[in-house]
Amino acid sequence: MAGFFVPRKIREMEKPMTFTTQLRSFVLNHGAVNNPYLDRFSEGRLTDEEFRQFAVQFFFFVKHFPRILAVLLANTPNDEAADELAMILTSELGDGNPKKRHEYLYHKFLRSIGLDPVVAAREQRLHSTHEYIEGLASLNGHENYQVAMGASFGLEHMAISMWDLLIPGIMNLKKTVPEFKQMNTVYWTFHRALEEQHEEAMMRALDDVPAEAEASLQKGCSEVLDLLEGFWMGLEEASNSNPLNVEAGFAELTTV
Ligand SMILES: [Fe+2]
């Protein structure tokens with residue numbers, strides 16, 4: 001996701017890109033970015049209610065993102081990587097000006113589609129949303145740091161694809177649905193632009209990782225993407241369900 005951790009350290013002696021390239025290809029072909037929900041979303045084929053449900057469920061991720069980053073920071077063994085992560089976290093929290101926290105951009109988006117952030121925060125998380133957020137936090141705090149790295153790699157590499165599916169759908173709805181005409185899309189376009197700055201770092205992410213860590217990296221990457229696929233498919237299933245099933249799909253209210 002925008003702002004996710006990527007270490008910048010590059011080894012003098014570069015190792016072949018084979019593993020990194022393979023892992024990147026695994027990410028780009030994964031159901032986390034190739035699924036019926038995102039396909040539909042990218043074309044703006046959502047009802048107003050489905051779009052609001054997406055906005056609420058994604059809000060939980062937005063709200064928890066600093067905590068998820070902080071878990072990774074607590075689990076990061078080297079200073080250089082931790083420093084970079086601290087910078088990302090600081091930026092996420094407004095660089096010393098809490099009114100500039102990125103979450104507030106999301107509040108503007110919510111209000112512009114008729115949702116009060118305070119009310120939205122009290123909605124129930126879908127079970128799949130809960131699994132994604134808590135699973136991601138748990139992977140970031142994994143006792144094997146390479147697993148946490150793999151999860152970061154997976155999210156970093158899927159991020160551009162995700163924004164490029166979400167933004168066209170959002171813009172389409174803004175253009176075609178009268179009640180979304182005033183939609184504030186800055187949260188989305190701002191993060192897409194941030195992502196550009198990560199591209200170079202993304203390609204170097206695993207250059208200094210030893211070969212014996214590959215299985216752990218693969219594990220973290222694969223697990224986080226499965227959870228993310230679950231997040232999207234949870235929204236798809238909730239859309240397809242009748243009201244009773246939708247209710248059954250909600251997790252118990254959890255403390256946030
Ligand atoms: Fe952000």
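Everything that follows concerns the structure shown earlier in this document.
Since the model is a prediction, treat every value here as computed from it, not as a measurement. (Residues numbered from 1 in each chain as written. Predicted model: local features only at pLDDT ≥ 70, side-chain atom pairs only at ≥ 80, totals over all residues.)

(A) Highlighting the overall build of the chain. Each helix and strand counted, the chain has eleven helices and zero strands in total. Reading the chain from its N terminus to its C terminus gives the helix and strand order α-α-α-α-α-α-α-α-α-α-α. A burial count over the chain gives 36% of its 256 residues as buried. For the chain, the share of sequence-separated contacts (at least 6 apart) that also reach a separation of at least 24 residues comes to 84%. (Helix = DSSP H or I, 4+ residues; strand = E, 2+ residues; numbered from the N terminus. Buried ≥ 20, exposed ≤ 12 C-beta atoms within 10 Å, placed from the backbone. Contact = placed C-beta atoms within 7 Å.)

(B) Looking closely at helix 7 (residues 127-140). The end-to-end C-alpha distance of helix 7 is 20 Å, a good match for the 20 Å that 14 residues give at a rise of 1.5 Å each. On its buried face, helix 7 sits against helix 3 (48-74), helix 8 (145-176) and helix 10 (214-240). (Expected span 1.5 Å × (residues − 1).)

(C) Representation of the nonpolar core in the model. Core analysis: the biggest nonpolar cluster contains 57 residues, and Leu136, Ala151, Met158, Cys221, Val224 and Leu228 have the highest contact counts within it. Excluding its chain neighbours within four sequence positions, the residues that come into contact with Leu136 are Ile68, Ala151, Val224 and Leu227. (Core = buried A, V, L, I, M, F, W, Y, C linked by C-beta atoms within 7 Å.)

(D) Broad picture of unusual backbone geometry. At Asp95, a residue that is not glycine, the phi angle is positive and equals roughly 50°. Of note, Asp95 is situated in the loop between helix 4 (79-92) and helix 5 (102-112). For Asp95, a count of 11 C-beta atoms within 10 Å gives the class exposed.

(E) Region of the structure containing the environment of Phe59. Along the chain, Phe59 falls in helix 3. You can call Phe59 buried: it has 22 C-beta atoms within 10 Å. With 48 residues separating them along the chain, Phe59 and His107 place their C-alpha atoms 8.7 Å apart. Beyond its immediate chain neighbours, meaning those up to four positions away, Phe59 contacts Tyr106, Leu110, Ala120 and Ala121.

(F) Quick look at the environment of Thr76. Here Thr76 lies in the loop between helix 3 and helix 4. Judged by local crowding, Thr76 falls into the buried class, with 22 C-beta atoms found within 10 Å. Contact partners of Thr76, with chain neighbours within four places excluded, come to Ala81, Ala82 and Leu85.

(G) Molecular detail of the packing of helix 7 against helix 8. Two elements in contact, helix 7 and helix 8, have axes whose closest approach is 7 Å; the angle formed by their N-to-C orientations is 130°. With respect to helix 8, the element helix 7 is oriented oblique. Mapping the contact onto sequence places Leu136, Leu139 and Asn140 in helix 7 and Val147, Ala148 and Ala151 in helix 8. A breakdown of the residues in the contact of helix 7 with helix 8 according to their chemical character gives five nonpolar, one polar and no charged. (Axes fitted to C-alpha atoms, helices over the stretch in contact; angles between N-to-C directions. Parallel < 35°, antiparallel > 145°, perpendicular 65-115°, else oblique. Nonpolar A, V, L, I, M, F, W, Y, C, P; charged D, E, K, R; others polar.)

(H) How the structure looks around the environment of Glu223. Residue position: Glu223 is located in helix 10. The spacing of Glu223 and Tyr132 is 91 residues in sequence and 9.9 Å in space, taken between C-alpha atoms. Ignoring anything within four residues of it in the chain, the contact list for Glu223 reads Leu139 and Ala151.

None of this, on its own, says anything about what the molecule does.
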